[in-house]
Amino acid sequence: IFCTVGVGLMAGLINKNEVAPVAPPTTTTTPAKTTTTTTVQNPVTSAANPTTPDTTSPDTTVSATTGDTGQPSGPWTSIRLPPYLVPTHYVVDLRPVLEPDSTGKYWFNGTSEAKFIVAQPTNYIYIHSNKLSYSKVENAVVPKTAHWLYDVNQYLVVELVEQMVGGGEYSLLTEFQGELADDLGGLYRSSYINSAGNQVVIATTQMQPTDARKAFPCFDEPALKATFDISLSHKPPYFALSNTPNNPPIPPQTPAGEYTKTKFKRTVKMSTYLLAFVVCDFDFVESQTTSGTQTRIYARPQQIAAGNANYSAGITPKILEYFEGYFNVSYPLAKSGIHSFIISPLFSFLVKLPTISIFILQFNIDIRTVLCSAHLMDQFVVSDLQRALNVDGLVSSRPIVAENVNTPSDINALFDTISYSKGACIIRMINQFAGEAAFKLGLENYLKEYAYGPVNHTQLFAFWSDAIDTTGGQNPTNSFATAMQSWTLQMGNPVVTLTRGGSGVVATQQRFLLDPNADKSQPPSPFGYIWTVPLWYSTQSDPSVKLTWMYPNQDTTLTGVASSDYIIGNYGGFGYYLVNYDNDNWMKIIDQLNNDYTKIEAKTRGQLIYDSFSLARAGELHYNISLSLTEFLKSDFYYVPWESGLDSLGYLDQMLGRSKVYGVYSSYLLSLVEPLYQNVTWVDGGSHLDQYQRVNAIWTACSYGHLDCITNAMTQFNQWKTTGNNNITANLRTSVYCNAVRYGGSDNWDFLWGKYQVESNSQEKAKLEYGLSCTRSPWVVRRFLDFIVANDSAVRKQDASSVFQDLCYNEYARDITWDFLRGNWDFIYGVYGTGFFSFSGIISSCTSHFSTQFELQELEAFKAENADQLGSGVSSVDQALEKTKTNIQWRADYEDIVFAWLSDRV
């Protein structure tokens, strides 16, 4: 069920400013004369005859070298493009060849014209280019002296014989070729098995964040927006899709084996990373909005025939209409299309919306009226808030507005939990204290003012501040912008401590770190790790939620709290911070939860569990309190507290999995889940949170050895094996598959593998993948790993990263998988090294359980041995090292304490 809608309004995650100041060259710098010709294995085809290789072109691209650096010197050594080259329009013509050459490789050929305005005189053009070979590079007005590739920053650099005139418009004309690899970036190759059992190769794109340059040479920074004329050549039965309708339409019939060209209408002004196109033979199901915008869902023909796209077809127009109404912005394109490789309707709003340099926004808006139940935002607490706080509690975290971005890999690394989840949390916090009316008004005015233009976050903050004043709200006294800078320009988050003293409750704050031995002042912050905190709180006798502001270097006292009352801070979980209390207040909260948990709303119940376990892990709260806070779950069957509890206890599971404590820990988990398991059934139904909770109950019960649960899972699986009819409820298939493999023999694994190889539904394949990862047999694990990396693997590369992660979370497979990954790191880096989420996910999942000195030394050696092959995963490795050290200390400090508490309860 699709219940969380993220709207990306993202541009320069690189620095505080959209365009870094780069001084234009004032003198001609001739690159070193020592050059190495780039090998072109399959030369670019000529423009006159795109099917015939042009091997006579004298204009072969070279890579220049200077001194010992191996690269030329000049202003192109900056990671940022110069502000004096401003793109206006691109004409791009691409031909992906969907048949392999004699070596088994696939290629695409292309031509491009990049038009740009020169703001200041210069005799250099440098433009982004990655893994492209050129047979033609020229300026339409000024002849060139030379051109070369500066690979460090992925630039094509062109030196001209004389300077271009300031204010003039110029064009860079290129002919090029790139490999149509299956590397999931830029213009790349994918494939599927059709209903006849044959492999079908298609071409598709993934431009975000820095891979448009891998499809054609471009000024590949989000702030440098332009319009695009795209043409794609293809053979029947293939057709082409892009951001805009084709113009003119594809000819109705094209002779077999011959290419036809689809030309698309000019786009609106947009960032390069929003460009998308595909060449495929998919089918579609069509619908439209009430205003007439065409929407199509593209998928493999058998998926369309099976009706698997019907839900998306029905909900997409509603989503578009909802956002049109919410933003008060008309959908800017004539059509909207979704397929499994391009998701464009939501992101197509971005072409009109101004870019924001710090956030991927997940709005706390009433999208639940379109998609799901009224409890949609309850999930946010566990899916985003707690996820972000877990990362921000590390010294190796970073501010939302990033500094020290020096390479393309650094840019890729910014597409992380801090950008996505923390950015969403800050937006949600703003929405809560500003109020819905001010939030929408500020956003609406901002979008109208800066449509199609680049901006930075301070401009958005100014509009929100004005809207709060307009609607009669109250801005922080130190100004909206000042308050928000403490959240966007420094890493981390505070823990607010509420203690009784004098005439009220005193609120204090300090930086929260999971490592109790870490230096809270490092790395240095211009704000001294003090925040302007919107403190929401509620008390036992007055359950209304009140807001007060905590300002830097000012005491905050909450009055009117009865001495017999408990007080709960961050009520509703809207603030991006943790809350601690004196022991007496904690015990009052625990008593309330045990006596009548409904007096405290669900998001807050979940956040209380999360805060207590995080504080205990950091040595700021005794584990007896945090563990006691889970006992009410025997009565509370609501999803959010349970999900928060399972996530928090999951850390103990990782630390204790191979210790003396695990026996009593498993028994305690079984005692917690038993009432919940008895409360649910194996028949699916209810709200989406009810369905999630049923999965939680059955998954937890089976995982910790509940006999009735295991018996049910095995019975349903065996019925499928015996009859050939899979009647297992869709939402429970992952649990059934996993437990059948976990507790069954290798024949169950072989049965699933056979089903996996012929399954065409991507959702079902994901469930089968997870089930396959649950095996306890070492030889089956190793065989599965070999299957994954085989050249003809049934596991697609875009799916393999999640399989590696699943295996690493399997107690019986994690060591084998980690050893395998290290031994095949060249392969892992080559496939996933530029994609942050997949790459960082592999690293974090496979090291999350590390808690011994041996494992720490192993991880340190891994980092040293692969220092040049970590790419966007550098920060993930650093975080893994920090977590491992903390884990080692945790086991030394708390393992026996947890053992004692659990032993008393079991």
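The rules behind each value
Residues numbered from 1 in each chain as written. Predicted model: local features only at pLDDT ≥ 70, side-chain atom pairs only at ≥ 80, totals over all residues. Heavy atoms only, no water. UniProt positions renumbered as here; feature names shortened; annotations may be inferred. Helix = DSSP H or I, 4+ residues; strand = E, 2+ residues; numbered from the N terminus. Buried < 20%, exposed > 50% of the residue type's maximum accessible area, 1.4 Å probe, protein only. Contact = heavy atoms within 4.5 Å. Areas by Shrake-Rupley, 256 points an atom, 1.4 Å probe, with all protein chains shown as cover. Salt bridge = Lys/Arg side-chain N within 4 Å of Asp/Glu carboxyl O. Expected span 1.5 Å × (residues − 1). Pairing = 2+ DSSP bridges. Axes fitted to C-alpha atoms, helices over the stretch in contact; angles between N-to-C directions. Core = buried A, V, L, I, M, F, W, Y, C linked by side-chain atoms within 4.5 Å. Disulfide = S-S within 2.5 Å. Parallel < 35°, antiparallel > 145°, perpendicular 65-115°, else oblique. Left-handed = near helix turned anticlockwise from the far one by under 90°. Phe/Tyr/Trp six-rings, centres within 6.5 Å; stacked < 30°, edge-to-face > 60°. Lys NZ or Arg CZ within 6 Å of the ring centre and 35° of its normal.

With an unreviewed UniProt entry as reference, the protein chain is termed Aminopeptidase, source organism Ciona savignyi. The UniProt entry for the protein chain carries this comment under Sequence similarities (unreviewed entry): "Belongs to the peptidase M1 family."

Novice: Hey, could you run me through the overall build of the protein chain in this one?
Specialist: Along the protein chain, the regular secondary structure elements total 25 helices and 28 strands. Residues classed as buried in the protein chain amount to 58% of the 906 residues present. Restricting to contacts in the protein chain with at least 6 residues of sequence separation, those with at least 24 account for 73%. Carbon and sulfur atoms make up 49% of the accessible area of the protein chain, which totals about 34000 Å².

Novice: Looking at this structure, how should I read the pattern of salt bridges?
Specialist: Side chains that differ in charge, positive against negative, can pair when their charged atoms come close. Overall, the coordinates contain 33 salt bridges when judged by the stated rule. The closest approach of N and O atoms between D93 and K261, which form a salt bridge, is 2.5 Å. Taken as a pair, D93 in strand 4 (residues 85–97) and K261 in strand 15 (residues 260–263) lie far apart in primary sequence, 168 residues in all. According to the relative accessible area criterion, K261 is partly exposed, its value standing at 37%. Here the salt bridges do not stand alone but share partners, grouping R658, E811, R814 and D815 into one network.

Novice: Looking at this structure, how should I read the environment of R300?
Specialist: Assignment of secondary structure puts R300 in the loop between strand 18 (294–299) and helix 1 (301–305). Sequence separation between R300 and D283 is 17 residues; the distance between their C-alpha atoms is 6.0 Å. Not counting residues up to four positions away in its chain, the partners in contact with R300 are Y192, F282, S760 and S762.

Novice: Help me understand helix 14 (residues 688–703) in this model?
Specialist: For helix 14, built from 16 residues, the straight-helix expectation of 22 Å at 1.5 Å per residue is met to within 8% by its first-to-last C-alpha distance of 22 Å. Considered for burial, the residues of helix 14 that qualify are H688, L689, Q691, Q693, R694, N696, A697, I698, T700, A701 and C702. Check the buried side of helix 14 and you find it contacts helix 3 (378–392), helix 12 (639–656), helix 13 (662–679), helix 15 (707–723) and helix 16 (733–743). Where helix 14 terminates, the next one or two residues include G705, which has phi positive at roughly 90°.

Novice: I'm lost on the sheet that holds strand 23 (residues 504–511) in this one. Help?
Specialist: Two strands in a sheet stick together by hydrogen bonds in their backbones, pointing the same way (parallel) or opposite ways (antiparallel). Pairing in this open sheet of 4 strands is mixed, and the strands run 26-23-22-28 from one edge to the other. Every other strand in the sheet has two partners, leaving strand 26 (556–558) and strand 28 (578–581) as the edge strands with one partner each. Strand-to-strand twist in this sheet, taken as the mean axis angle between neighbours without regard to direction, amounts to 30°. Pairing analysis gives 3 bridges linking strand 23 to strand 26, with the strands arranged antiparallel. Bridged to V505 within strand 26 is L558. Packed onto the sheet, helix 9 (residues 583–596) meets strand 22 (494–501) and strand 28 and runs at close to 105° relative to strand 28. Strand contacts of helix 10 (residues 602–617): strand 22 and strand 28, with the helix running at about 75° to strand 28, the strand carrying the most contacts.

Novice: What is the right way to read the nonpolar core from this model?
Specialist: Generally speaking, a soluble globular protein has its nonpolar side chains buried in company with each other. Counting 170 residues, the largest nonpolar core has F433, L498, L652, I788 and F804 as its most contacted members. Beyond its immediate stretch of four places on either side in the chain, L498 contacts V505, V506, A507, L535, L558, I567, G569, V579, N580, Y581 and D582. Of all hydrophobic cores here, the second largest spans 66 residues; its members include L98, I127, C280 and Y298.

Novice: I would appreciate a short explanation of the sheet that holds strand 15 in the present structure.
Specialist: One open sheet accounts for 6 strands, arranged 7-10-5-4-13-15; its pairing is mixed. Each of the sheet's edge strands pairs with one partner strand only, and the pair in question is strand 7 (132–139) and strand 15. Direction aside, neighbouring strands of the sheet carry axes that sit 15° apart on average. One ladder, built from 12 bridges, connects strand 4 with strand 5 (residues 107–118); its direction is antiparallel. Directly across from V91, in strand 5, lies its bridge partner E113.

Novice: How do you make sense of helix 9 when you look at a structure like this?
Specialist: Think of an α-helix as turning once every 3.6 residues; residues three or four places apart then point the same way. Helix length check: helix 9 (14 residues) gives 20 Å between terminal C-alpha atoms against 20 Å at 1.5 Å per residue, within 8%. Taken together, the buried positions of helix 9 are N585, W586, K588, I589, I590, Q592 and L593.

Novice: Would you mind going over the state of the cysteines with me for this structure?
Specialist: Counted by the stated rule, this structure contains 3 disulfides. The partner cysteine of C702 in its disulfide is C709, sulfur to sulfur 1.9 Å. In this structure the cystine formed by C702 and C709 twists about its S-S bond by roughly -95°; its chirality is therefore left-handed. In this model C808 forms its disulfide with C846; the gap between the sulfur atoms is 1.8 Å. Between C808 and C846 the sulfur-sulfur dihedral comes to about 75°; the bridge is accordingly right-handed. With a gap of 38 residues between them, C808 in helix 20 (residues 797–808) and C846 in helix 23 (residues 836–847) connect regions that are remote in the sequence. Overall, the relative accessible area of 2% leaves C808 in the buried class. Here C846 falls in the buried class, since its relative accessible area comes to 1%.

Novice: Help me understand the pairing of strand 5 in this model?
Specialist: Consecutive side chains along a regular strand alternate between the two faces of the sheet. Taken together, the 11 bridges between strand 5 and strand 10 (residues 169–179) define a ladder with antiparallel strand orientation. The residue bridging F116 from the neighbouring strand is Y170, located in strand 10.

Novice: Mind showing me how you'd approach the packing of helix 9 against helix 10 here?
Specialist: With their axes 12 Å apart at the nearest point, helix 9 and helix 10 run at an angle of 140° to one another. Taken together, the axis directions place helix 9 and helix 10 in an arrangement best described as oblique. Between helix 9 and helix 10 lies a crossing of left-handed hand. Note on element contacts: helix 10 touches helix 9 through R605, L608, S612 and L615, opposite W586, I589 and L593.

Novice: Looking at this structure, how should I read unusual backbone geometry?
Specialist: Residue P209 follows Q208 across a cis peptide bond; omega there is -5°. That bond from P236 to P237 is cis: its omega, 10°, falls within 30 degrees of zero. Along the chain, P237 falls in the loop between strand 13 (227–234) and strand 14 (239–242). Non-glycine residue Q154 carries a positive phi angle of around 60°. On the basis of relative accessibility, which here comes to 14%, the residue Q154 falls in the buried class. Positive phi values are uncommon outside glycine, yet N328 reaches one of about 55°. By secondary structure assignment, the location of N328 is in the loop between helix 2 (310–327) and strand 19 (335–339).

Novice: Would you mind showing me how to read the packing of aromatic side chains here?
Specialist: Two aromatic rings are characterised by how far apart their centres lie and by the angle between their planes. In this structure the tally under the stated criterion is 54 aromatic pairs. Between Y322 and F323, the aromatic rings sit 5.8 Å apart at their centres with planes inclined by 80°, giving edge-to-face as the arrangement. You'll find Y322 and F323 in the same group, each marked buried. An aromatic cluster is present here, built from W76, Y124, Y126, W148 and Y155 joined pairwise through their rings. When the ring centre of Y259 is taken as origin, the NZ or CZ atom of R95, which lies over that ring, is 3.9 Å away. The cationic tip of R617 hangs over the ring face of Y651; the distance from NZ or CZ to the ring centre is 3.7 Å.

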